[in-house]
Amino acid sequence: MEYTDLKRELRNRVQEKMDFVKDFTDAEVEDTIDEVMLEQEQLTVYPVEMRRRLKKELFDSLRRLDILQIFVDDSSVTEIMINGKDHIFVEQDGRLRELETGFESTEKLQDVIQQIVAGCNRVVNEASPIVDARLPNGSRVNIVMNPVALNGPIVTIRRFPDKPITMERLLQIRSISSEAADFLKSLVKAKYNIFISGGTGSGKTTFLNVLSQYIPAEERVITIEDSAELQLQGLPNLVQLETRNSNVEGCNEITIRDLIKSSLRMRPDRISGISGATSPISLINQDFLHQVYPRSMKASNFRHFYLKSTTTNTFLYLLW
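Residues numbered from 1 in each chain as written. Predicted model: local features only at pLDDT ≥ 70, side-chain atom pairs only at ≥ 80, totals over all residues. Heavy atoms only, no water.

A.B. asks: Explain the nonpolar core to me, please; I cannot follow it from the model alone.
C.D. replies: Nonpolar side chains in soluble globular proteins tend to be buried together. Within the largest apolar cluster, 27 residues are counted, with the highest numbers of intra-cluster contacts made by L68, I80 and I143. Put simply, the parts of the chain that give this core at least two residues each are α4 (69-72), β1 (77-83), β2 (87-92), α5 (106-118), β4 (130-134), β5 (140-144) and β6 (154-158). Here I143 is in contact with I113, I116, V117, V124, P129, I130, V131, I154 and V155, once residues within four sequence places are set aside. Counting residues in hydrophobic clusters, the runner-up holds 18 residues, among them M167, V210, Y214 and I215. (Core = buried A, V, L, I, M, F, W, Y, C linked by side-chain atoms within 4.5 Å. Buried < 20%, exposed > 50% of the residue type's maximum accessible area, 1.4 Å probe, protein only. Helix = DSSP H or I, 4+ residues; strand = E, 2+ residues; numbered from the N terminus. Contact = heavy atoms within 4.5 Å.)

This is the structure we're talking about:
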């Protein structure tokens, strides 16, 4: 029996043994997999390493991201791109390559997508075919479904470093000079206006995280994002807010505008990480913040404001 056929058969048997009325823990799923594998005499001829691999792949297909999980866990992978069930590309150590494997079916890929969006309280379907989400490890996920995506579900996962990059690291790899680093440190502490812009993958979010290490630890910082990506460093008084889409269960949409209104009542010293589909230029031209809360805007002492446009992929980062 082919390996893929064997895995499919074992997964079906595990699913048959699991009572889906009950909420199984990860440990119980692993025990069920062990039980099913022990029942298969043909597996005794498989090497131990192959049986371990089979168990992990079964568990990943049932409770995690199936064939993607190994790449999500790999710190050398920075990007995962799924163009339908048959074409998966990964960027690893700076090189892009296509995987020789794919999802068993479009339905399995859609199951993985629904698992991703459910984990961060998002919804994606034909009525709402585009969504930004995130994984538990902080990776950013963009999903485009039918009818917008003509060649099947499209998923793009941007994996961020396990440890946030610091200014010391940028100096070490000579991405910035010590003079520029000292100058930026002074600007952040003095609460000057700073604009960060660049193309996709140029390091805008990374650089903003780097600059955050210069925010005084005693300040109260509030982040507002469509999908949480920022990893602000060394800030004990940190509040993280994220928008929410409406869904069929009756949950109302919570927008960037709603979160701004609420954040201005939270006694912020700095508000950071505001993002949205409206371009920063449009927001400025509309005098958006003054429309939202003009008086508190003038009277409050919040100093740190940052906008990210998901349409132009440009950061507008303002310090007041």
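A.B. asks: Explanation requested: the sheet that holds strand β8 (residues 238-242) in the structure shown.
C.D. replies: Within a sheet, each strand pairs with its neighbour through backbone hydrogen bonds, oriented either parallel or antiparallel. Strand order in the open sheet made by the 3 strands is β8-β7-β9, with parallel pairing throughout. Strands with a single pairing partner mark the edges of an open sheet, and in this sheet they are β8 and β9 (270-272). Averaged over all adjacent pairs, the angle separating strand axes in this sheet is 20 degrees, with direction ignored. The pairing of strand β7 (residues 221-225) with β9 spans 3 bridges and is parallel. Bridge assignment links V221 to a residue of β9, and that residue is R270. (Pairing = 2+ DSSP bridges. Axes fitted to C-alpha atoms, helices over the stretch in contact; angles between N-to-C directions.)

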